[in-house]
Amino acid sequence: MLIKQLSLFVENKPGSLFPICKVLKDNNISIRTLSLADTAQFGILRLLVKEWEKARDVLTAAGFIVKVTDVIALPVEDRPGGLSELLEIVDKHNISVEYMYAFTFGHEQTAVMVFRFENPEETLKYFHEENIDAIKAFDLFR
C-alpha cells in the first residue's frame, strides 16, 4: 500500500518550521513522523499525516509550496540485521532508494522504515513476493 507524503520547501533560517507546524496545529492535524534535510539555503520537510489532503490544502492556502509523493512504509524488526533484510530485497532487484527515514511504531521490537523509490508500485510487488507487506495508511495512523 502506498502512503501519501507531503514535502515542503523550507528556507534554511531560524523560525522557518514554526509557521508550518502552527498551520497544522490550528487545523487539528497531527504529524505521525517527519524528516528534514537541508542545504545552505533551503530544506525539504517531509511529513506523514493522516489527513494529507486537508493538510495539503491548508498549507497551500497559507502560502507554502507542497508536493505530494507516494512512499512505502515497511515494518522492520528492531534488532541487528532488521534493516539489512529489507535492503537485501532492494539489492536483489536492483532498486534505487531515493531516500528513507525511520520511526518507532508503538509495537515492541518493530520500527517503520519509510522509503521513496522511483517506481513504488513495482517495488511493492517485490516485497510482497518476499512475504513482506507494506503498512497500510489505516494502520499507520491508528
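Note that this is a predicted model, so its numbers are computed, not measured.

A. Examining the packing of aromatic side chains more closely. In this structure the tally under the stated criterion is 3 aromatic pairs. Aromatic side chains Phe-115 and Phe-117 sit 5.1 Å apart centroid to centroid with 10 degrees between the ring planes, which places their arrangement in the stacked category. A relative accessible area of 0% places Phe-115 in the buried class. Pairing Phe-117 with Phe-127 gives two aromatic rings, centres 6.3 Å apart and planes at 40 degrees, and the pair type is tilted. Within this pair, whereas Phe-117 is found in strand 6 (residues 110-117), its partner Phe-127 is found in helix 4 (residues 120-129), the two being separated by 10 residues in sequence. The pair formed by Phe-117 and Phe-127 is uniform in burial state, with each residue classed as buried. Ring pairs connect the aromatic residues Phe-115, Phe-117 and Phe-127, which therefore count as one cluster.

B. Examining the environment of Asp-139 more closely. Tracing the backbone shows Asp-139 in helix 5 (residues 137-140). We classify Asp-139 as partly exposed; its relative accessible area is 26%. The sequence separation of Asp-139 and Phe-105 amounts to 34 residues, and the corresponding C-alpha distance is 10.0 Å.

C. Representation of the pattern of salt bridges in the model. Counted under the stated rule, the structure contains 8 salt bridges. Across the salt bridge formed by Asp-26 and Lys-22, the nearest N and O atoms sit 3.0 Å from each other. One end of the pair, Asp-26, and the other, Lys-22, are both in helix 1 (residues 17-26), 4 residues apart, so they sit about a helical turn from each other. Salt-bridge contacts for Asp-57 lead to Arg-56; the nearest nitrogen and oxygen are separated by 3.1 Å. Residue classification places Asp-57 among the partly exposed positions, given a relative accessible area of 42%. Classification of Arg-56 by relative accessible area gives partly exposed; the value is 27%. Put simply, Glu-77, Arg-79 and Glu-85 are held in one network by salt bridges that share partners.

Conventions used here
Residues numbered from 1 in each chain as written. Predicted model: local features only at pLDDT ≥ 70, side-chain atom pairs only at ≥ 80, totals over all residues. Heavy atoms only, no water. Phe/Tyr/Trp six-rings, centres within 6.5 Å; stacked < 30°, edge-to-face > 60°. Buried < 20%, exposed > 50% of the residue type's maximum accessible area, 1.4 Å probe, protein only. Helix = DSSP H or I, 4+ residues; strand = E, 2+ residues; numbered from the N terminus. Salt bridge = Lys/Arg side-chain N within 4 Å of Asp/Glu carboxyl O.

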